[in-house]
Amino acid sequence: MTRAALVAEYRKLVTTRLWWILLAVMAAYMALMAAGLGWSLSQGDVSTGTGDELVLTPDDVVRSVYTVAVSLGYVFPLLVGALAFSAEFRHKTITPTLLAEPSRTRVLLAKLGANGAVGLLFGAVGTLAAVVAGGGVLAAIGEETFLGSAATWRSIGLSVLALALWALLGTALGSVMTNQVAVIVVVLAFTQFVEPIARVVLSMTSWGSRVAAFLPGAAGEAVSGGSLYSATGMTSLLSWWQGLLVLLVYVVVLSAIGRVTTLRRDIT
Amino acid sequence: MSQAPPPTPGPSTAGPPAQHTDGVVRVEHLTKTFGSGPGAVHAVHDLSFEVRPGRVTGFLGPNGAGKTTTLRMLLGLVAPTSGTATIGGRRYDQIERPAHVVGAALEAASFHPGRTARDHLRVYAPQVGVPDSRADEVLALVGLAEVAKRRVGGFSLGMRQRLALATTLLGDPPVLLLDEPANGLDPEGIAWLRGLLRALAREGRTVLVSSHVLSEVEQTVDDVVIIARGQLVHASSLPDLARLARPRVSVVSPDAAALDALVAAHGWTVGASGRDGDAASYELLDVSAAQVGAAAFGGRVELHRLAGQDVGLEDLFLQLTAAPAQQTSAEAPAPGPGPAPVPSSTAPQTDAPAGGER
């Protein structure tokens, strides 16, 4: 029964066009960013907003390039997940969904499972696009790609994991906010403005910097082991497993809220 | 009639008591109030009825009567304020594989427009527990085989209705609950639906079809459950309902004494009577204009008006579901084997707005 619910949720995702459009845009965007980043970071004259001269090891450079999807592309798996519930409410398919599976907890878990799996796909494709494009540029301009190093591949693997977690976080958020327009606005506003600004502002104080590390975007970067923001010295990050735990806490808390609010309501 | 026992028994009161509860849809003292305080909407109030297998039952009432809310409570989508709604003796969420027991179509718009008809069915097939090939079977059954690979966004309302029906049939369930399935169907589609529902009932399934127009389902249903303002007003077989539709004749004579004598002599039931000087007017029940005309001719009574009014089922339906104030002025329905309408005094004074039903 649970497996059937998972298959059903997975089919819901892949039988519409949204997922592959977002996936294609993500792949193209990440390839572009990785290529541009690989080239510019290798020029060695990057400066932060504060004007401090950066001293980056080549190792840091490639890690930032290969995991750029975690820094800049997490909005894609987040959005796919966030729309899982709102699409059901918008098109009223929540009715047949709950008729097929009256246990609302099971529906929620199946959605998390299926979106987590699709999140892995987004993570793999987004990261791969960054590795291929970024690695290609680095190789072309004669820089070390570090693709022979185990640490690099560990970062790449954790990047995939972090992006999958973002899809889970999106699904959990969607269980709380079922209005499609509202959830899209919140996702874009938070990821593009609120968190980046908050991280910059909070990093000005030491306690703020510690708080900023618990923001979801920072936690996601921590999972992949340091990337763009931290490489440029803006904020400190948690360790990878702490980042993982923080993201999971967001998922669990939001899912629990969704379960006792949205999924407790009458479906009329 | 209003002294009759409360309207608990379902449409087929004449049938044997349920030997097995399989396929019996039972609603008992079901109440649903949306919101609270002065703005609360009493969508359904102390509603009880029963639907038997092997018959098509029409679940009728004007818009906002609480039909959809009742169906949603039967399906576990809306939590009742009090009372129970069971299918085969169990609450929907207690049924092991619900899609194998109950097929329900609640609105014709429950589709993702970007999904094809086939994919829509394939989404639910795993949980229903049927192979994907079943999707093609039910599409053929509802006449959508040729558009199986087209996106639902381009479907007409009639095609959506057919797809909704196909979804309910995926699990080949013994109980079907269909909310306004004829909406948007063309006459040919309605005829087709009628045939399909009759065939499904003949196979021994329980078929409950809601509608706000009696005439739409008149030729399809065996039993009727009529609600208004969230309360039961009538439940019986269709023939029993038809018996409530009494013919009436309006007659006026300038010779009041002669007409009085004629009415008395034939023992006609008087619905209403009036007097204007020497003239008399009568509303006679259970008699045809031809009978009254023949009697007047034979008795040499001069008539200035003789008009037969056939109360159609639709008129009767309107009468039954009319607001309480109007109902008291209409004469009480004839005694019949069907359960009594709920006394209008218990009806809530507020009409359930349409929002209570959607």
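Residues numbered from 1 in each chain as written. Chains lettered and ligands numbered in written order. Predicted model: local features only at pLDDT ≥ 70, side-chain atom pairs only at ≥ 80, totals over all residues. Heavy atoms only, no water.

The name that an unreviewed UniProt entry assigns to chain B is ABC transporter ATP-binding protein, with the source organism given as Cellulomonas persica.

Looking at an unreviewed UniProt entry, chain A carries the name ABC transporter permease, with the source organism given as Cellulomonas persica.

A few words now on the side chain of B:His234. Residue and element names in this part refer to chain B. Mapped onto the elements, histidine 234 comes out in strand E9 (residues 231-237). By relative accessible area, histidine 234 is classed as buried at 2%. At 2.7 Å, the side chain of histidine 234 forms a polar contact with the side chain of serine 236. (Helix = DSSP H or I, 4+ residues; strand = E, 2+ residues; numbered from the N terminus. Buried < 20%, exposed > 50% of the residue type's maximum accessible area, 1.4 Å probe, protein only. Polar contact = N/O pair within 3.5 Å; in protein donor to acceptor, adjacent residues only side chain to side chain.)

Turning next to the packing of aromatic side chains. Applying the stated rule across the entire model yields three aromatic pairs over all chains. Their ring planes at 20° and their centres at 4.2 Å tell us that A:Tyr74 and A:Trp166 sit as a pair that is stacked. Within this pair, whereas A:Tyr74 is found in the loop between helix H4 (68-72) and helix H5 (75-90), its partner A:Trp166 is found in helix H8 (residues 150-176), the two being separated by 92 residues in sequence. Residue classification places A:Trp166 among the buried positions, given a relative accessible area of 2%. The ring of A:Phe85 has A:Lys111 sitting right over it, with the charged end atom 5.3 Å from the ring centre. The ring of B:Trp192 is capped by B:Arg162, whose NZ or CZ atom sits 4.3 Å from the centre of that ring. (Phe/Tyr/Trp six-rings, centres within 6.5 Å; stacked < 30°, edge-to-face > 60°. Lys NZ or Arg CZ within 6 Å of the ring centre and 35° of its normal.)

Bringing the nonpolar core into the picture now. Most often, soluble globular proteins keep nonpolar side chains buried together rather than apart. With 58 residues, the main nonpolar core has A:Met26, A:Met30, A:Val65, A:Tyr66, A:Phe76, A:Phe122 and A:Val187 as its most contacted residues. Top contributing element to this core by residue count: H8(A), with ten residues. Among all residues touching A:Val65, those that are not within four sequence positions of it are A:Ala34, A:Leu37, A:Gly38, A:Leu41, A:Ala130 and A:Gly134. One finds B:Ala99, B:Ala164, B:Leu241 and B:Phe317 within the second-largest nonpolar core, a separate group that totals 55 residues. (Core = buried A, V, L, I, M, F, W, Y, C linked by side-chain atoms within 4.5 Å. Contact = heavy atoms within 4.5 Å.)

Residue and element names in this part refer to chain A. A grouping of Leu161, Trp240, Trp241, Leu245 and Leu248 is seen on the molecular surface, where their side chains present a nonpolar patch of about 440 Å² in accessible area. A total of four residues in the nonpolar patch trace back to one element, the largest contributor, which is helix H13 (residues 240-260). Within the fold, leucine 161 resides in helix H8. Owing to a relative accessible area of 31%, leucine 161 belongs among the partly exposed residues under this scheme. (Patch = residues over 30% accessible without salt bridge, like charges linked within 9 Å, V, L, I, M, F, W, Y side chains within 5 Å. Areas by Shrake-Rupley, 256 points an atom, 1.4 Å probe, with all protein chains shown as cover. Salt bridge = Lys/Arg side-chain N within 4 Å of Asp/Glu carboxyl O.)

The next subject is the pattern of salt bridges. Residue and element names in this part refer to chain A. Under the definition given, this model contains 22 salt bridges over all chains. The residue lysine 12 makes a salt bridge to glutamate 88 at a minimum N-O spacing of 3.0 Å. Taken together, the residues lysine 12 in helix H1 (residues 2-14) and glutamate 88 in helix H5 connect sequence positions 76 residues apart. Of the two residues examined, lysine 12 and glutamate 88, each falls in the buried class.

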